[in-house]
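Next come the chains, spelled out residue by residue.
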Amino acid sequence: MDEGRHGDEPTDYEGPPDFRVVGRHALFPKTTHDEIERINFLAQMNRHLSVRVVPGVKATYESRIAPEFARENGRPIRDRHEARKAMLSDSGFQTWSALRRLTMEQRQQAGRWTVIRQRDELARIAEALTDNDDRLMLNPALAIPRYVSAVDHHCMPGSYHAEAFSGDVANGANYDHAGFVTTGGLLGKYSDGGGHAVVQWVRRNLPSFEPRTILEIGGTVGHSSLPLAQAFPDAQMTVVDLGAPVLRYGLARAKSLGVDNIRFVQANGEDLSMFADASFDWIQTTMFLHELSTTALRNIFAETRRLLRPGGIVLHVEQPQYTPGMPLFERAMRDWDAYYNNEPFWSRMHEMDLDAAMVAAGFDRDALIHDGVTGVVDRDLFPDANDDATEDYGRKAAWHVIGARL
């Protein structure tokens, strides 16, 4: 597998790049040959499952599972729940599901093994970069809400917040470097494709918008936050998250990448009373809403309305909502994360009426924003990418945007 990625790679190769080409920074974990190849293998396996195996599961669903359900019940499958349950007994779906779960567990263990062996060193580097820096604001007394503490999100031990000792950054380091297994380079060299996509959207749709204060809620290590800070260097960027390890790691990462107009604050997005009303011109979340309980989501929407200045924007970047036009098979497959990937609120969020939730939070329905953002091809990772190849793995990523202007 390695030979084709060291100078003689076939030109028709469309899979993930070699992990060696991703961007490094001062806090990025050091990786051995075997650790690199373990990550490469898992990224390739995810590629195989999505491109080679899923089409077979879909074909089986359409040719056998759905027709058999109709014969046995005297009617067609009527919702995604029936579709998922009908697939549970199919060996093709079972194989895909078991392998996908396995790659996620192994992705976490591979990342964790790499980080744990250098945990103390990473903590020392982070401390050297962040010690006495008032841009890191931690709150040891902050209570972690049960909807977070009760689950290891996408199988990450301790989720984003657990730490083994004071100053620990292990979960941030794991999240940063081993996420390549899932993205396969899709989000770019620094896993910041979501942030760059949003910046492009703002530049295109709001060309005169010049925010002075920007807030990202649930920003973890700053993957999607740094591009905003870089694009608007005169603005003050604030990243809020529950997890101290990801915040420590995030500030050290930002400083090592030369981004200084940013601070990392430990707080619960449901209660940001530390900030006065109308404190921010731009409030952002990126792939965050699906990890919230319904109550937490509504509370956070209310806080964004309180914190937004007149003329400001709120943007939430997420996977698409379930709509009547989305095939039942696709909805059922997307539900997999809720049942088998430790994302218990995934389904509920994707079936919610987010417009109604925004209006209930105080936003004007006529001021709501609905659009999409598309990831930017990273030429360092995909030098031969076709800009028009929107379906190619590793070439494009698309997300839904819901938001509002005030």
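The structure under discussion appears in the preceding block.
Bear in mind that the values here come from a model prediction, so they are computed numbers and not experimental data.

Novice: Which parts of the structure should I look at to understand the nonpolar core?
Specialist: A general tendency of soluble globular proteins is for nonpolar side chains to be buried together. In this structure, Val 202, Ile 262, Phe 264, Trp 282 and Leu 315 are the most contacted members of the largest nonpolar core, which totals 54 residues. It is helix H10 (residues 244–256) that contributes the most residues to this core, six residues altogether. Look past the residues within four positions of Leu 315 in its chain and what remains in contact with it is Val 198, Trp 201, Val 202, Trp 282, Ile 283, Gln 284, Thr 285, Ile 369, Val 401, Ile 402 and Gly 403. Val 265, Leu 289, Leu 297 and Ala 361 belong to the second largest nonpolar core, which has 33 residues in total.

Novice: It is not clear to me how the pattern of salt bridges should be interpreted in this structure. Could you clarify?
Specialist: Side-chain pairing between opposite charges can occur once the charged atoms of the two side chains come close. As enumerated under the stated definition, the model contains 24 salt bridges in all. A salt bridge links Arg 253 to Asp 176; its shortest N-O distance comes to 3.9 Å. One end of the pair, Arg 253, is in helix H10; the other, Asp 176, is in helix H6 (residues 170–178), with 77 residues separating them in the sequence. Taken as a pair, Arg 253 and Asp 176 share a single burial class, namely buried. Taken together, the shared-partner salt bridges in this structure form one network comprising Arg 80, Asp 335, Arg 348 and Glu 351.

Novice: Help me understand helix H3 (residues 91–116) in this model?
Specialist: Every α-helix winds through 3.6 residues per turn, so residues three or four apart in the chain are directed the same way. Look at H3: 37 Å from first C-alpha to last across 26 residues, which is about the 38 Å you get at 1.5 Å a residue. Within H3, burial applies to Phe 93, Trp 96, Ser 97, Thr 103, Met 104, Arg 107, Gln 108, Ala 110, Gly 111, Thr 114 and Val 115. With a side-chain oxygen positioned 3.0 Å from the backbone nitrogen of Gly 92, the residue opening H3 is Asp 90.

Reading the values: the criteria
Residues numbered from 1 in each chain as written. Predicted model: local features only at pLDDT ≥ 70, side-chain atom pairs only at ≥ 80, totals over all residues. Heavy atoms only, no water. Core = buried A, V, L, I, M, F, W, Y, C linked by side-chain atoms within 4.5 Å. Buried < 20%, exposed > 50% of the residue type's maximum accessible area, 1.4 Å probe, protein only. Helix = DSSP H or I, 4+ residues; strand = E, 2+ residues; numbered from the N terminus. Contact = heavy atoms within 4.5 Å. Salt bridge = Lys/Arg side-chain N within 4 Å of Asp/Glu carboxyl O. Expected span 1.5 Å × (residues − 1). Polar contact = N/O pair within 3.5 Å; in protein donor to acceptor, adjacent residues only side chain to side chain.

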